[in-house]
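# Structural description and commentary
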Amino acid sequence: MNDYLLDVQDLKTYFKTKAGYVHAVDGVNFAIKPGEKVAIVGESGCGKSVTALSIMKLVEQPSGEYMSGSIFFDGQDLLDTPESAMRKVRGGKIGMIFQDPMTSLNPTMTVGKQIEEGLRIHLKLSEDQARKRAMTLLEQVGISAVSERINSYPHQFSGGMRQRVMIAIALACNPKLLIADEPTTALDVTVQAQILELISGICEDFGTSLILITHDLGVVAGTTNRVIVMYAGKVVEDATTEELFANPRHPYTRGLLSSVPRLDEVRHAELRTIEGTPPDLLNPPKGCPFVPRCYFARAICNTMPPLEALPKMATHRKACWPDITDQKEQAYAERRRQARVEAQKTASEEAAQKAAQKAL
């Protein structure tokens with residue numbers, strides 16, 4: 001544990017509803033070393049953002065509950081840390097960039113005041129010192145005419161500029177860990193690239209560890225060292241970025257990669273989709289949650305597989321029973337896929353015939 005800046009162990013964060021508990025994060029395990037840049041990927045609702053909010057202890061209560069587990073940050077278990085002490089951690093030791101800067105920034109305060117607030121609370125800077133530091137930060141994140149813009153309000157900035165302000169706030173106190181929760185949402189492609197380059201560059205300059213949360217695999221390829229894949233509140237695969245893209249070992253990861261268009265290869269077939277829907281997290285399955293959507297699924301998959309390292313590859317872990325690189329397993333999966341395609345085609349034809357008969 002001493003080798004890691006952040007060590008999340010068996011984290012379970014549930015939300016209480018009238019119908020029961022929603023298992024938003026259900027037994028998550030991962031660790032991050034100082035200076036490491038890690039991406040957490042997965043489709044919407046898989047538990048990425050709730051994991052980040054759990055680390056910051058910002059899950060809304062009483063509906064949200066930390067059912068079990070631990071979050072060790074810098075040797076301190078954050079789940080056992082009182083709120084008064086967590087206020088020193090948030091912003092001071094862990095910074096966070098939220099999805100939508102327009103709703104995260106205070107519309108009644110100038111951006112300068114919002115940056116200065118954290119500096120005065122955590123670093124105990126004077127008003128003048130905080131002002132100078134805020135101007136320096138705005139320059140570092142690429143905002144021009146700082147002496148004028150520091151007195152502007154959030155609505156006077158474009159979406160990309162507001163996100164730059166959020167980055168300045170998150171990095172103001174030189175935190176050891178930066179959590180970026182889909183920081184490029186709703187930004188155009190050019191601005192996305194600029195924001196990602198800015199975040200990555202600043203983290204390298206200051207030795208800051210990074211957790212980048214996204215559903216876009218294209219975003220993580222050139223930004224992070226390692227990728228954690230989540231599905232239905234669980235980690236299903238964890239590997240270095242290069243290894244994950246070259247050798248995905250979980251059917252869900254493989255499905256995600258197959259659905260992304262490649263510019264470096266000639267496409268000979270249609271992009272694959274991941275058919276079906278995620279499981280109901282009010283009543284999650286006892287086995288692997290991906291079974292209903294998985295062509296590789298077998299009877300053993302009704303028992304949840306552990307997240308284990310591959311043989312002779314300690315840096316690559318997967319939670320899957322079948323070996324999807326085995327040719328026999330691939331042939332079995334392809335037969336199941338073809339059978340489902342034929343069944344869907346037949347059902348579609350029958351529905352069309354019934355509709356035609358009704359029309360006569």
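Structural notes, computed from the coordinates. Everything numeric in this text was worked out from a predicted model, so none of it was measured.

By the definition in use, this model includes four aromatic pairs. When the centroid spacing of 6.3 Å and the interplanar angle of 55° are considered together, the rings of Tyr14 and Tyr21 count as tilted. For Tyr14, a relative accessible area of 9% gives the class buried. The partly exposed category is assigned to Tyr21, whose relative accessible area is 29%. Here the aromatic rings of Tyr231 and Tyr252 are separated by 4.7 Å at their centres, their planes lie at 50°, and the arrangement is tilted. Of this pair, Tyr231 sits in strand S9 (residues 226-231) while Tyr252 sits in helix H11 (residues 251-258), and the two are 21 residues apart along the sequence. Summarising the burial analysis for this pair, Tyr231 and Tyr252 share the class buried. Through pairs of rings, three or more aromatic residues link up here, namely Tyr231, Tyr252 and Phe290. A cation over a ring is seen here: Arg149 above Phe157, with NZ or CZ 4.2 Å from the ring centre. The positively charged end of Arg298 is found above the aromatic ring belonging to Tyr332, 3.8 Å away from the centroid.

The end-to-end C-alpha distance of helix H8 (residues 189-206) is 26 Å, a good match for the 26 Å that 18 residues give at a rise of 1.5 Å each. Regarding H8, the residues found buried are Val191, Gln192, Ile195, Leu196, Leu198, Ile199, Ser200, Ile202 and Cys203. Looking one or two residues beyond H8, the residue adopting positive phi is Gly207, at roughly 70°.

One pass over the full model with this rule turns up 13 salt bridges. Where Glu204 meets Lys37, a salt bridge forms, and the shortest distance between an N and an O atom there is 2.9 Å. Placement of Glu204 in helix H8 and of Lys37 in strand S3 (residues 37-41) is noted, with a sequence separation of 167 residues between them. On the basis of relative accessibility, which here comes to 56%, the residue Glu204 falls in the exposed class. With a relative accessible area of 7%, Lys37 lands in the buried category. We note a salt bridge from Arg337 to Glu334, for which the minimum N-O separation is 3.1 Å. Note that Arg337 and Glu334 are positioned in helix H12 (residues 327-359) at a spacing of three residues, about one turn of the helix. When its relative accessible area of 30% is taken as the criterion, Glu334 is described as partly exposed.

Procedures and definitions
Residues numbered from 1 in each chain as written. Predicted model: local features only at pLDDT ≥ 70, side-chain atom pairs only at ≥ 80, totals over all residues. Heavy atoms only, no water. Phe/Tyr/Trp six-rings, centres within 6.5 Å; stacked < 30°, edge-to-face > 60°. Buried < 20%, exposed > 50% of the residue type's maximum accessible area, 1.4 Å probe, protein only. Helix = DSSP H or I, 4+ residues; strand = E, 2+ residues; numbered from the N terminus. Lys NZ or Arg CZ within 6 Å of the ring centre and 35° of its normal. Expected span 1.5 Å × (residues − 1). Salt bridge = Lys/Arg side-chain N within 4 Å of Asp/Glu carboxyl O.

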